[in-house]
Amino acid sequence: ERWMKDSTLPHPADIRRLRERVLNDDDGLVTLAMAARGPEFTTIETVEHDIALARELGLRATIHIGLGSNAQKYRGIERMHAHGLLGPDITFVHCCNASEHEFHLMAETGTTASVSTQIASICGGFGLPATGRLLAHGIRPSLSIDSEMSASGDMFSEMRSALGIERTLCLNHLQQPPRKAPLAARDVLSFATRDGARTVGLDHKVGTIAPGKSADMILIPRDALNLAPMTDPIGALVLGGHAGNVEAILVEGRPVKWNGRLIGQDVKRAIGLLERSREYLYEKAREYDRSAVR
């Protein structure tokens, strides 16, 4: 609770070590960013400190904001703007209950957004996904999962969720007349690729297939039973595709999955490590509960 409720604790300083000694190459396969808590979880002075640290280290920052009643209580985007903290190096995740004025401030400052529509619809209290409201202000969001403990971690599920929820909101029969749906399959495919790369500042390297960019691609057969006959490839992928359809994956031109099988990866060992990590966390949680009772 000390970290997530009106917290005055600054972001852990170890991020400086990571930046200087571990992830100092912004062109590497893994790049560093700051997951800042933001004004719905910390004091505004703490937000200022955290964003200043991120900018000193040349890092982008993500902040979960606009969540449930906290959106109106804290007006986090407005407060950050008043302190000169918005900008293209900030990505706001969710924004479910942000105000129209806050969306205007984001658009004006080039601040980016990411929507996690599965989590917003599953976890009570978040609010409705802000996809259409962001688009109305000219902000094209990326897609994110938020938590794989409660939602599928694949982009096929997230694309379908984003499309289905937004079109449901627009075509709600209780609205007379229903709003025109601003979203199509092509849009959510862009959210998962081109707009996703732009949001995290990597559009110079990935997000589209173009000369000079990394050859990061997934290959999907046109004759997969759930996709054939593939008359409209984009519609088929967004509305019918799933992770099992991915036959091959190339990372910087190097195959890491081929003919439906991972290359050079010990999957059983990875699952074993995950299970050990889970048991470790369970035990730590039990220790915490026992100490709290005492």
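Cut-offs and rules
- Residues numbered from 1 in each chain as written.
- Predicted model: local features only at pLDDT ≥ 70, side-chain atom pairs only at ≥ 80, totals over all residues.
- Heavy atoms only, no water.
- Pairing = 2+ DSSP bridges.
- Helix = DSSP H or I, 4+ residues; strand = E, 2+ residues; numbered from the N terminus.
- Polar contact = N/O pair within 3.5 Å; in protein donor to acceptor, adjacent residues only side chain to side chain.
- Contact = heavy atoms within 4.5 Å.
- Buried < 20%, exposed > 50% of the residue type's maximum accessible area, 1.4 Å probe, protein only.
- Axes fitted to C-alpha atoms, helices over the stretch in contact; angles between N-to-C directions.
- Parallel < 35°, antiparallel > 145°, perpendicular 65-115°, else oblique.
- Nonpolar A, V, L, I, M, F, W, Y, C, P; charged D, E, K, R; others polar.
- Patch = residues over 30% accessible without salt bridge, like charges linked within 9 Å, V, L, I, M, F, W, Y side chains within 5 Å.
- Areas by Shrake-Rupley, 256 points an atom, 1.4 Å probe, with all protein chains shown as cover.
- Salt bridge = Lys/Arg side-chain N within 4 Å of Asp/Glu carboxyl O.

Asker: Could you clarify how one ought to interpret the sheet that holds strand β7 (residues 248-251) in this entry?
Answerer: Strands belonging to one sheet form pairs held by backbone hydrogen bonds; the direction of such a pair is parallel or antiparallel. The strand order β6-β7-β8-β9 describes an open sheet built from four strands, whose pairing is antiparallel. At either end of the open sheet lies a strand with only one pairing partner, and these are β6 (217-219) and β9 (261-262).

Asker: Sorry if this is basic, but what is going on with the side chain of D195 here?
Answerer: In this structure, D195 sits in helix α10 (residues 194-199). In this structure the side chain of D195 is engaged in a polar contact, spanning 2.7 Å, whose partner is the side chain of S190. Those residues within four positions of D195 in sequence are excluded, and the remaining contacts are R140, P141, S142 and S190.

Asker: Please explain the sheet that holds strand β4 (residues 112-115) as it appears in this structure.
Answerer: Pairing is parallel in the open sheet, where five strands are placed in the order β1-β2-β3-β4-β5. In this open sheet, the two strands that pair with only one neighbour each are β1 (34-36) and β5 (142-143). Taken together, the three bridges between β1 and strand β2 (residues 61-65) define a ladder with parallel strand orientation. Across the sheet, the residue bridging to M34 is A61, located in β2.

Asker: What should I look at first to understand the pairing of β7 in this one?
Answerer: Regular strands have side chains that alternate between both faces of the sheet. Across the two faces of β7 the burial differs, with A248 and L250 buried and I249 and V251 not buried at all. Bridging between β6 and β7 involves three bridges; their strand directions are antiparallel. Note on β7: the bridge partner recorded for L219 is A248. In the sheet, β7 pairs with strand β8 (residues 254-258) via three bridges, with the strands oriented antiparallel. In the sheet register, V251 faces β8, and the bridge partner there is R254. Two successive antiparallel strands, β7 and β8, enclose a turn made up of two residues, where E252 displays a positive phi of approximately 50°.

Asker: Please clarify how the packing of helix α8 (residues 155-170) against helix α11 (residues 233-240) should be interpreted in this entry.
Answerer: In helix packing, the relevant descriptors are the interaxial angle and the interaxial distance, both defined with respect to the helix axes. Packing of α8 against α11 leaves a shortest axis separation of 7 Å and a crossing angle of 95°. It follows that α8 is roughly perpendicular to α11 by the angle criterion. Along its contact with α8, which presents F156, M159, R160 and L163, the element α11 presents L237, V238, L239 and G240. Split by residue class, the contact of α8 with α11 holds six nonpolar, one polar and one charged.

Asker: Explain a nonpolar patch on the surface here, please?
Answerer: A contiguous nonpolar surface patch, about 260 Å² in accessible area, is contributed by L219, W258 and I263. Structurally, the position occupied by I263 is in the loop between β9 and α12 (267-293). Residue I263 is classed as partly exposed on the basis of its relative accessible area, which comes to 38%.

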